[in-house]
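One letter stands for each residue in the lines below.
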Amino acid sequence: MSDVKQKLVVRNIGLLLTGKLEAPIADGDCVIAIDGRISAFGYEKDLDTEGATTTVDAKGVTLAPGLIDSHVHPVVGDYTPRQQQLHWIDSTLHGGVTTMISAGEVHMPGRPKDVVGLKAMAIAAQRWYENFHPSGVKVHAGAPVIEHGMVEQDFKDLADAGVKLLGEVGLGSVKDGKTGKQMVDWARKYGIQSTIHTGGPSIPGSGLVDADMVLETGTDVIGHINGGHSALPDDQIVCLCESCTKGLEIVHNGNERAALLTLNTARELKQLDRVILGTDGPAGSGVQPLGILRMVAMLSSLGNVPAELAFCFANGNTARQRDLDVGLLEPGYAADFVLMDQAQHAPGKDILESVSLGNLPGVGMTIIDGIVRTERSRNTPPAGRLPEVVDR
Ligand SMILES: [Zn+2]
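Residue numbers restart at each chain and count upward from 1, following the sequence in its written direction. Where local features are concerned, this predicted model is filtered to residues with pLDDT of at least 70; where side-chain atom pairs are given and counted, the filter is 80 or more; whole-chain, interface and lining totals use all residues.

*Asks:* Please clarify how the overall build of the protein should be interpreted in this entry.
*Replies:* Each helix and strand in the protein was counted, giving eleven helices and 21 strands. A compact globule built from 392 residues would reach a C-alpha radius of gyration of about 21 Å, and the protein, at 20 Å, matches this within 12%. In terms of its C-alpha atoms, the protein occupies a principal-axis envelope of roughly 60 × 45 × 35 Å. Any residue whose C-beta has 12 or fewer other C-beta atoms within 10 Å is treated as exposed, any with 20 or more as buried, and any in between as partly exposed, C-beta atoms being built from the backbone. Sorting the 392 residues of the protein into buried and exposed places 56% on the buried side. Look at the contacts in the protein between residues 6 or more apart in sequence, and 73% of them connect residues 24 or more apart. In this description a helix means any DSSP run of H or I spanning at least four residues, a strand means any run of E spanning at least two, and both kinds are numbered starting from the N terminus. Computation of the radius of gyration draws on C-alpha atoms, with the globule rule given as 2.2 Å multiplied by the number of residues to the power 0.38. What counts as a contact is two residues whose backbone-derived C-beta atoms lie within 7 Å of each other.

*Asks:* Can you walk me through the domain arrangement of the protein in this structure?
*Replies:* Accessible area lost during the coming together of the parts is what is often quoted as the interface size. The domain boundaries here were taken from an automatic or database domain assignment. Per the domain assignment, the segments making up the protein are domain 1 (7–65 + 327–391) and domain 2 (67–289). Listed per partner, the contact involves 15 residues of domain 1 and 14 residues of domain 2. Contributing elements (two or more residues each) for the side of domain 1 that touches domain 2: strand E18 (337–341), strand E19 (362–368) and strand E20 (371–374). Polarity classes work like this: nonpolar for Ala, Val, Leu, Ile, Met, Phe, Trp, Tyr, Cys and Pro, charged for Asp, Glu, Lys and Arg, and polar for all others, with Gly in that last group. Broken down by class, the residue content of the side of domain 1 that touches domain 2 amounts to six nonpolar, six polar and three charged.

*Asks:* How should the environment of Pro109 be read in this particular structure?
*Replies:* Looking at the secondary structure, you find Pro109 in the loop between strand E11 (97–102) and helix H2 (115–131). The spatial distance from the C-alpha of Pro109 to the C-alpha of Pro81 is 7.5 Å, given a sequence separation of 28 residues.

*Asks:* Would you mind going over the pairing of E19 with me for this structure?
*Replies:* The side chains of a regular strand alternate, first on one face of the sheet and then on the other. Within E19, seven of the seven residues are buried, leaving the element largely enclosed by the surrounding structure. Two strands pair under a simple rule: DSSP has to find at least two bridges between them. Across five bridges, the pairing between E18 and E19 is antiparallel. The residue bridging Met340 from the neighbouring strand is Val363, located in E19. Here E19 runs beside E20; their pairing, made up of three bridges, is antiparallel. Looking at E20, one finds that Ile368 is bridged to Ile371. The antiparallel pairing of E19 with E20 creates a hairpin that spans two residues between the two strands, and Asp369 there sits at a positive phi of about 50°.

*Asks:* Help me understand helix H3 (residues 152–160), please; the structure alone is not making it clear to me.
*Replies:* Given 3.6 residues per turn, any residue in an α-helix points the same way as the ones three and four places further on. Among all positions in H3, only Asp154, Phe155 and Leu158 are buried. The arc that holds every buried residue of H3, seen down its axis, measures 95°, which confines them to one face. Facing away from the buried side of H3, by more than 90 degrees, are the exposed residues Gln153 and Asp160. Buried residues in H3 make contact with H2 and helix H4 (177–189). One or two residues past the end of H3 sits Gly162, with phi positive at roughly 105°. When we speak of the arc, we mean the arc of directions from the helix axis to the C-beta atoms.

*Asks:* Looking at this model, I keep getting lost on the sheet that holds E19. Mind explaining?
*Replies:* Hydrogen bonds along the backbone pair up the strands of a sheet, which may run parallel or antiparallel. Taken together, six strands build an open sheet; the order of strands is E3-E2-E7-E18-E19-E20 and the sheet is mixed. A strand with exactly one partner marks an edge of an open sheet, and here the two such strands are strand E3 (25–26) and E20.

*Asks:* Got a minute to help me understand unusual backbone geometry in this structure?
*Replies:* With the exception of glycine, most residues fall at negative phi, and the peptide bonds are largely trans. Here the amide bond leading from Gly228 into His229 is cis, since omega sits at 5°, within 30 degrees of zero. Following Gly281, the chain continues into Pro282 via a peptide bond in cis, with omega recorded as -15°. The phi dihedral of Asp35 is positive, around 50°, even though this residue is not glycine. Among the secondary structure elements, Asp35 is positioned in the loop between strand E4 (30–34) and strand E5 (37–42). For Gln84, which is not glycine, the phi dihedral falls at a positive 50°. For Gln84, the position within the fold is in the loop between strand E9 (79–80) and strand E10 (85–86).

*Asks:* I tried to follow the sheet that holds strand E1 (residues 7–11) on my own but got confused; where do I start?
*Replies:* Strand order in the open sheet made by the five strands is E5-E4-E1-E6-E21, with mixed pairing throughout. With partners counted over all chains shown, the strands left at the sheet margins are E5 and strand E21 (388–391), one partner each. Neighbouring strand axes in the sheet, compared pairwise and without regard to direction, differ in orientation by 20° on average. Orientation is described by lines fitted to C-alpha atoms, with helices fitted over the stretch in contact, and by angles between N-to-C directions that extend from 0 to 180 degrees.

What follows is the structure in structure tokens.
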């Protein structure tokens, strides 16, 4: 007990969401985290709440694992050159996102495309986001975009230096499935995860990646299967869902009809566990601080998915697909949470019905590594009830 530096108790929780498709709601009203890790959850009367260093009275609101944006394009700190915007990550935290995954730092002005330069930038980006978490948000970055001329040793060098992700295949000079597969295989051999740009060109200078190239390349995640922005034809999207078992990433900056097609196909295949969500921001459409919540509400309402399952697309599914220690209500996992409630005057008998009718919830608090990071969101509609820190 004396070794515990930090103990968080969140009590009086109205609804516990788990991030687990197989059991999206847990019994209980209390979560305990010690030194930034979930240690227990359940009913307060059954738990050891002694010695808390921070106590949160949830006031009956819903607690879920913090949301994960599976597809962002960060560059440096909390600034994006794409739309010359400051504090977009902080704004996104106010939308319940506590973890972001880079699909390449492609908006860096003057981004190096020679092999030594792209490796150096990837390693530096991995470091600067490991060393600095904007407003506490965990940004997994340092995702090099593969270019012709890379050899196996380059992927070993990157992995040895701490790089764990590839940026979207197809954004660089490698635009054929054969070369893509070779490099993705090298990356995988050294423990680097991969994703791909699926669909038409995003901005001038980028290119088309069709279903044949996606399947041949075989990345771990089918990046923005609903396009970023232009989607593939319907038959190719269905083919991608049916022909492999990779993650099906749906993004906010994509085609919403194609998003619903992907969701419906995954459901027919009984593979909703493959569905994960991203924004693809910052993008030509700007940054969307509420993008992940909007995807949850859109897929729940138009895709007829119960809200408690749609939230799993935004936390637990991504954690499992990408092997992260966040996104699930489970002892040992990081104590990253979003506390939210039905928005004021939003229709529905409770938060879940309200979201299933297409409404955003109101975020009342975010917690990362057991530390309260934000209180009432400045971006969501106001929540009906607000949690409160009662004792720090
Ligand atoms: Zn893309």
